[in-house]
Amino acid sequence: MSITLDFNGKNLAKSKTLNLHFLPAKVNGDGNANVETYFNNYTHEAPEYGSGVVTNALRGYPLVGNRMQVPEGYKGIVLQETEKPLSESTDRQLRLTGVFDEFTYWNYDKVPSNGDPYRQALLMADVAQALSEPISEEDLETEIKRNRESKKENSS
Amino acid sequence: MSDSEDIKIKAEHETIADGDQSQDEEMKEILKITSLKSLGPFIASQENSQNTVYLSDVPAVCKEKPCMLGVDEAGRGPVLGPMVYGISYCPVESKQALIDLGCADSKQLTEEKRDIIFNEINTLEYANSCMGWAVEIISPNVISTSMYRRAKCSLNEVSMESAMGLIQRAIDAGVNIAEVYVDTVGPPEKYQEKLMRRFPSFKITVAKKADSTYPIVSAASICAKVTRDHALKVWRFPEGLVIKDNAFGSGYPGDPVTKRFLTENIDLVFGFPRLVRFSWSTAENALADKAYDMEFDEPETEKPKYAGTKLTKFFKGTTKEGEVIREECRFLKQRHLSSVHEF
């Protein structure tokens, strides 16, 4: 199986910026949504919960949210697949719909915090960066030296 | 009152119901309700997804003489539109004015009669010099979100908070309250106890059908009911829906017009416009059939029981083929990360 991402840097730069919402609910449906009139219309600032906090509701469920930036060094993209793969081995092709640098994150009746699964998961971005950062010869030497010294201290 | 006046009020009524003609008035913000005519435009100038409180001027006499205060609500049952809480007050000795106005059981009065009395409360000198009123329009959006909180807040709690909030506002505005009369649908005892704890210095009476027994409650009831009716008439849909003459029926789930409105105005993703109380079972059922299924991040109802490491855990380390099952890395698990692709 192979996955083809059907775009390049050029159309990535030209592509339109999307206004996205991260919802605390799973919608079992696919199609256009009247986001502007049924949702955006009702977003209110709620300074009583903290600066930048906004409130709204989805099907009567209270939502509390805030604007979030895509982590530095990353770019948010939305991909679309016209045909659902029939089996795991089929080749897939994903088309670029739009890009985003920020979006609105919503919690169900809970002020967004570092305890939210989304923010916890994003720590992975920092870890991944630390893991993939090149290590210089020099760094290695100092680390070995430090190790040796601590061993010595332990044994003595 | 003469017939000609009666007709005039009816005519006013029609312009309000019309909506479009009163548009000019709605453009500038209306801060004061001085008659029935300004009620609709006032409501229309407020944001209908949030609660609105309005207090009339407090007559000087209500600040000096001991007053009675009545509390009642309108629009508790309907699946559409706001619920309105109303209070009215006047000196204990001015009871006759209420009777002269015709404040009696508001459910016995026709809509027109209620409108006329509401207009007189605000315009006639003998009435507005001795009595005042206030309403809170509790938005259907607020009703839904309160009832769907993680820590559910029942409609009764919303109601009591609103009633106590209005009484507090009257106190803050300088009304010299001595007696409070409250109409209730639920058991009066609990409600009475709660009110007495909050306002220990007043003589408080909570009763079923207080609306028909105490004229001051009837007056509150009229203010609430007239406000609710007008709120529906001037309702504008931020969703952009246009319903001719805002004809969505009484809002009671049994009303065929309301039923039709509910079935014909479903948005697949967002459900209904926010005129609808999503927390009503009628609304929930309609959505379960017609709109996309939606699963919320529900509150955790059960805490995992912890009884130490199970002994059998040590035998579960391999699959039938003898492959070692590796437990997910704790760092990833705690951060809700899992691999979607086998390497």
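Nothing here was measured: the structure is a model prediction, and the numbers come from that model. (Residues numbered from 1 in each chain as written. Chains lettered and ligands numbered in written order. Predicted model: local features only at pLDDT ≥ 70, side-chain atom pairs only at ≥ 80, totals over all residues.)

Digging into the nonpolar core
All names here are of chain B. Among the nonpolar cores identified, the biggest contains 92 residues, and Leu 69, Ile 87, Tyr 89, Cys 90, Ile 216 and Ala 219 are the most heavily contacted of them. Top contributing element to this core by residue count: helix H12 (residues 215–233), with 10 residues. Excluding residues that lie within four positions of it along the chain, Ala 219 makes contacts with Gly 70, Ser 88, Leu 98, Cys 103, Ile 121, Met 131 and Trp 133. (Core = buried A, V, L, I, M, F, W, Y, C linked by C-beta atoms within 7 Å. Buried ≥ 20, exposed ≤ 12 C-beta atoms within 10 Å, placed from the backbone. Helix = DSSP H or I, 4+ residues; strand = E, 2+ residues; numbered from the N terminus. Contact = placed C-beta atoms within 7 Å.)

Side note on the domain arrangement of chain A
Residues and elements named next belong to chain A. Assigned domains within chain A: domain 1 (3–113) and domain 2 (114–156). Once you take the C-alpha centre of each, domain 1 and domain 2 turn out to be 33 Å apart. With seven residues of domain 1 at the interface, the matching set in domain 2 holds six residues. Among the residues making up the side of domain 1 that touches domain 2, the classes are represented as five nonpolar, two polar and no charged. (Domains from an automatic or database assignment. Nonpolar A, V, L, I, M, F, W, Y, C, P; charged D, E, K, R; others polar.)

Notes on the environment of Cys62(B)
Residue and element names in this part refer to chain B. The residue Cys 62 is located in helix H4 (residues 60–64) in this model. Between the alpha carbons of Cys 62 and Met 131 there is a distance of 7.3 Å; along the sequence they are 69 residues apart. Setting aside its immediate chain neighbours within four residues, Cys 62 contacts Cys 67, Tyr 89, Cys 90, Pro 91, Gly 132, Val 175 and Asn 176.

A few points about the domain arrangement of chain B
Residue and element names in this part refer to chain B. In terms of domain boundaries, chain B breaks down into domain 1 (49–227) and domain 2 (244–290). Of note, the centres of domain 1 and domain 2, computed from C-alpha atoms alone, are 28 Å apart. Taken together, the residues of the side of domain 1 that touches domain 2 sort by class into seven nonpolar, five polar and no charged.

Re the confidence of the model for chain B
Residue and element names in this part refer to chain B. For chain B, per-residue confidence averages 85 on the pLDDT scale, and residues scoring 70 or more make up 85% of the total. Mean pLDDT across the secondary structure elements of chain B bottoms out at helix H2 (residues 23–27), with 46, and peaks at strand E4 (residues 132–138), with 97. Segment residues 11–27 is flagged for pLDDT under 50; beyond a separation of four residues in sequence, or across chains, it makes 19 contacts in the model. Reported confidence for the predicted complex is 0.80 by ipTM and 0.82 by pTM. (pLDDT = per-residue confidence, 0-100.)

Digging into the UniProt feature "binding site: a divalent metal cation" (unreviewed entry) in chain B
All names here are of chain B. Mapped onto this numbering, the UniProt entry gives "binding site: a divalent metal cation" (unreviewed entry) at Asp 72, Glu 73 and Asp 183. For the residues just named, distributed over 112 residues, the greatest C-alpha separation is only 7.9 Å, placing them together at one site. By the secondary structure assignment, Asp 72 is in strand E2 (residues 67–74). Given 28 C-beta atoms within a 10 Å radius, Asp 72 is considered buried. If we ignore the near neighbours within four places in the chain, the residues touching Asp 72 are Gly 86, Asp 183, Asp 211, Val 217, Ala 220, Ser 221 and Ala 224. Assignment of secondary structure puts Glu 73 in strand E2. Judged by local crowding, Glu 73 falls into the buried class, with 25 C-beta atoms found within 10 Å. Filtering out sequence-adjacent residues up to four positions away, Glu 73 remains in contact with Met 83, Val 84, Tyr 85, Ser 159 and Ala 224. (UniProt positions renumbered as here; feature names shortened; annotations may be inferred.)

Things to note about the sheet that holds strand E4 (residues 44–45) of chain A
Strand order in the open sheet formed by five strands is E2-E9-E6-E5-E4 (chain A), and the pairing between neighbours is mixed. The open sheet has two edge strands, strand E2 (21–22) and E4 of chain A, and neither has a second partner. (Pairing = 2+ DSSP bridges.)

Describing the UniProt feature "domain: RNase H type-2" (unreviewed entry) in chain B
Mapped onto this numbering, the UniProt entry annotates "domain: RNase H type-2" (unreviewed entry) at residues 66–292 of chain B. A helix fraction of 45% and a strand fraction of 17% characterise residues 66–292 of chain B, whose end C-alpha atoms lie 57 Å from each other.

Considering the interface of chain B and chain A
In this complex, chain B contributes 27 residues to the contact, which on the side of chain A involves 26 residues. Secondary-structure elements contributing two or more residues to the side of chain B that touches chain A are helix H8 (140–147) and strand E7 (293–296) of chain B. Tallying contributions element by element places E7(B) first for the side of chain B that touches chain A, with four residues. Looking at the side of chain B that touches chain A, its residues break down into 10 nonpolar, eight polar and nine charged. When strand E3 (residues 25–28) of chain A meets E7(B), the two strands line up antiparallel, connected through four bridges.

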